[in-house]
Amino acid sequence: MDLTTKVLLLVAALLLLAAAVALIRRRQRLERESATRENPFAASTEGEKRCPNCGMGNLWTDRNCISCNARLPG
C-alpha cells in the first residue's frame, strides 16, 4: 500500500468514528429530552374512580368496577 492509500484509509476511519460519536451523542440528547417532556398521548384520569381491588379506572358514575366487578368507593 502506498502512502496515499494509507492516508485515505485513516481519514475514512476518522470520519466513521466521528459519525458514530455524533450519533451516540444525539441519541443520548433525545433520550434526555424525551424524559423531561410530557407525553402528548397521555390519558387523563380526571373524573375517574380507581378500583381498590384491581386498579382499573372507572367512570365516576359507575358503582362496580368494569374489570373485576368489585364495589367502588363513593
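What you are looking at is a predicted structure, and each value in this text was computed from that prediction instead of being measured.

Definitions and cut-offs
Residues numbered from 1 in each chain as written. Predicted model: local features only at pLDDT ≥ 70, side-chain atom pairs only at ≥ 80, totals over all residues. Heavy atoms only, no water. Helix = DSSP H or I, 4+ residues; strand = E, 2+ residues; numbered from the N terminus. Buried < 20%, exposed > 50% of the residue type's maximum accessible area, 1.4 Å probe, protein only. Disulfide = S-S within 2.5 Å. Polar contact = N/O pair within 3.5 Å; in protein donor to acceptor, adjacent residues only side chain to side chain. Salt bridge = Lys/Arg side-chain N within 4 Å of Asp/Glu carboxyl O.

Engineer: Would you mind showing me how to read unusual backbone geometry here?
Structural biologist: Among all residues except glycine, the phi angle is most often negative; among peptide bonds, the trans geometry is most common. Even without being a glycine, N69 presents a positive backbone phi close to 65°. Tracing the sequence through the fold places N69 in the segment after β2 (57-59). With relative accessibility at 55%, the residue N69 sits in the exposed group.

Engineer: Explanation requested: the state of the cysteines in the structure shown.
Structural biologist: Tallied over the entire structure, the rule returns 0 disulfides. The thiol sulfur of C51 is not disulfide-bonded, and the nearest other cysteine sulfur, from C68, lies at 3.6 Å. By relative accessible area, which is 4% here, C51 ends up buried.

Engineer: For this particular structure, what's the right way to read the side chain of N58?
Structural biologist: Examined against the element boundaries, N58 turns out to sit in strand β2. Within the structure, N58 has its side chain in polar contact with the backbone oxygen of M56 (distance 3.0 Å).

Engineer: Sorry if this is basic, but what is going on with the pattern of salt bridges here?
Structural biologist: The final tally for this structure, using the stated rule, is 2 salt bridges. Between R27 and E31 there is a salt bridge whose closest N-O contact spans 3.4 Å. On the criterion of helical spacing, the pair formed by R27 and E31 is a turn pair, its members being 4 residues apart in helix α1 (residues 3-36). Exposure remark for R27: the relative accessible area of 58% places this residue in the exposed category. The salt bridge involving E33 is made with R29; its shortest N-O contact spans 3.4 Å. Here the residue E33 and the residue R29 both occupy positions in helix α1, the gap between them amounting to 4 residues, near one helical turn. Here R29 falls in the partly exposed class, since its relative accessible area comes to 38%.

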